[in-house]
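Per-entry structural report
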Amino acid sequence: LHKLGKNFEAIAILKKAVVIDEKNIWYQILLAECYKDLKQYSNEVGVYQKLLKNNPEKIDLYYDLAIAQLYNNQPEEAIKTYDKVEEKIGLSEELCLQKERIYEKLKNINKAAAELQKLIDANPKEPKYYTLLGNLYLDAGQKEKAIESYEKVLQVDPCNGEVHLALADYYREINQMQKSFDQLKFAFENPNLDADT
């Protein structure tokens, strides 16, 4: 029934199946998928919350819950769910970047920056995190903090081509067109920067 798109009928049967065998995780996951297909995100959230009470060790369920919370317009709850994953598995680029994006959409630049800073602190020689932080600040209109982050990229990786593109954007934002053009030129001359970028 689910594969045929008859989700209402599938839900009626799955609810009975869950009552008969509430320990069967697959019945509940399929029930959550049916709710998702019907855009009944609050019901989907409820199913994943129940699943996690009985299966707190299953990390994938936390990710599914967080996605359902985002669809259900609960970004703060999604962040809490991602925080629980981080407590269980430790620092993760995927988690930090996802939380950074959520905070950015919530216009909470300080918390978004804090997520990127965690990645920088754990990997101080990784230039992409400084670039992401600079881009976050530039988009938020915090130009002084943006240029500080871009300059750190050049300290860590002087041959980094992507930072020159970011600097070109920065100088264009502050109406220094010659410097913007110069940075674009550096980027185009950089053999480490691929053509698509």
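Here is a short report on the structure shown in this document. (Residues numbered from 1 in each chain as written. Predicted model: local features only at pLDDT ≥ 70, side-chain atom pairs only at ≥ 80, totals over all residues. Heavy atoms only, no water.)

**Topic: the overall build of the chain**
When you go through the chain residue by residue, the secondary structure sums to 11 helices and 0 strands. Reading the secondary structure of the chain in the N-to-C direction produces α-α-α-α-α-α-α-α-α-α-α. Since a compact globule built from 197 residues should have a radius of gyration of about 16 Å, the 22 Å found for the chain marks it as more spread out than a globular shape. With the C-alpha coordinates aligned to their principal axes, the bounding extent of the chain is approximately 70 × 35 × 30 Å. Within the chain, contacts between residues at least 6 apart in sequence are counted, and of these 39% link residues at least 24 apart. (Helix = DSSP H or I, 4+ residues; strand = E, 2+ residues; numbered from the N terminus. Rg over C-alpha atoms; globule rule 2.2 N^0.38 Å. Contact = heavy atoms within 4.5 Å.)

**Quick word on the layout of surface pockets**
The space that makes up the largest pocket amounts to roughly 190 Å³. Looking at the largest pocket, the residues that line it are Val45, Gln49, Leu52, Lys53, Tyr62, Leu65, Gln69, Gln74, Glu77, Lys80, Thr81 and Lys84. (1 Å grid on protein atoms, 1.4 Å probe; cavity = no way out; pocket = protein on both sides within 12 Å on 5 of 7 lines; lining within 4 Å. Points joined across faces, edges and corners; volume = space filled by probe spheres on them.)

**Some words on the packing of aromatic side chains**
Under the criterion given, the structure shown has 3 aromatic pairs. Residues Tyr170 and Tyr171 carry aromatic rings whose centres are separated by 5.1 Å and whose planes lie at 70 degrees to one another, so their mutual orientation is edge-to-face. Across the pair, Tyr171 and Tyr170 agree in class, each one buried. (Phe/Tyr/Trp six-rings, centres within 6.5 Å; stacked < 30°, edge-to-face > 60°. Buried < 20%, exposed > 50% of the residue type's maximum accessible area, 1.4 Å probe, protein only.)

**Quick look at the packing of helix H3 (residues 41-54) against helix H4 (residues 59-71)**
Running from N to C, H3 and H4 cross one another at 155 degrees; their axes reach a closest spacing of 9 Å. Put simply, H3 runs roughly antiparallel to H4. Read as a crossing pair, H3 and H4 show a hand that is left-handed. For the pair H3 and H4, contact is made by Tyr41, Glu44, Val45, Tyr48, Gln49, Leu51 and Leu52 and by Leu61, Tyr62, Asp64, Leu65, Ala68, Gln69 and Tyr71, respectively. The residue makeup of the contact of H3 with H4, split by class, is 10 nonpolar, 2 polar and 2 charged. (Axes fitted to C-alpha atoms, helices over the stretch in contact; angles between N-to-C directions. Parallel < 35°, antiparallel > 145°, perpendicular 65-115°, else oblique. Left-handed = near helix turned anticlockwise from the far one by under 90°. Nonpolar A, V, L, I, M, F, W, Y, C, P; charged D, E, K, R; others polar.)

**Some points on the pattern of salt bridges**
A complete count under the given rule lists 8 salt bridges for this structure. The shortest N-O distance in the salt bridge between Lys118 and Glu115 comes to 3.1 Å. Here the residue Lys118 and the residue Glu115 both occupy positions in helix H7 (residues 109-122), the gap between them amounting to 3 residues, near one helical turn. Judged by relative accessible area, Glu115 falls into the buried class, the value being 7%. Taking the shortest distance from any N to any O, the salt bridge between Asp169 and Arg172 comes out at 2.3 Å. Of the two residues, Asp169 and Arg172 are both situated in helix H10 (residues 162-173); the distance of 3 residues between them amounts to about one turn of the helix. (Salt bridge = Lys/Arg side-chain N within 4 Å of Asp/Glu carboxyl O.)

**So, the side chain of Gln183**
Counting through the fold element by element, Gln183 comes out in helix H11 (residues 177-189). Look past the residues within four positions of Gln183 in its chain and what remains in contact with it is His164, Leu167, Ala168 and Tyr171.

**A look at the nonpolar core**
Within the largest apolar cluster, 51 residues are counted, with the highest numbers of intra-cluster contacts made by Leu31, Tyr48, Leu51, Leu61, Leu133, Leu136 and Tyr150. Apart from residues lying up to four places away in sequence, Leu133 is in contact with Ala113, Leu116, Gln117, Ile120 and Ser149. (Core = buried A, V, L, I, M, F, W, Y, C linked by side-chain atoms within 4.5 Å.)

**Description of H7**
Compared with the 20 Å implied by 1.5 Å per residue over 14 residues, the 20 Å span of H7 between its first and last C-alpha is a close match. Looking at the buried residues of H7, the elements they touch are helix H5 (75-89), helix H6 (93-105) and helix H8 (127-139). (Expected span 1.5 Å × (residues − 1).)

**As for the packing of H6 against H7**
Running from N to C, H6 and H7 point in directions that differ by 165 degrees, and their axes come no closer than 8 Å. Between H6 and H7, the crossing angle belongs to the class labelled roughly antiparallel. H6 and H7 meet at a crossing whose hand is left-handed. In this structure, H6 contributes Glu93, Cys96, Leu97, Lys99, Glu100, Tyr103 and Glu104 to the contact, and H7 contributes Lys111, Ala112, Glu115, Leu116, Lys118 and Leu119. Grouping the amino acids of the contact of H6 with H7 by side-chain chemistry returns 6 nonpolar, no polar and 7 charged.

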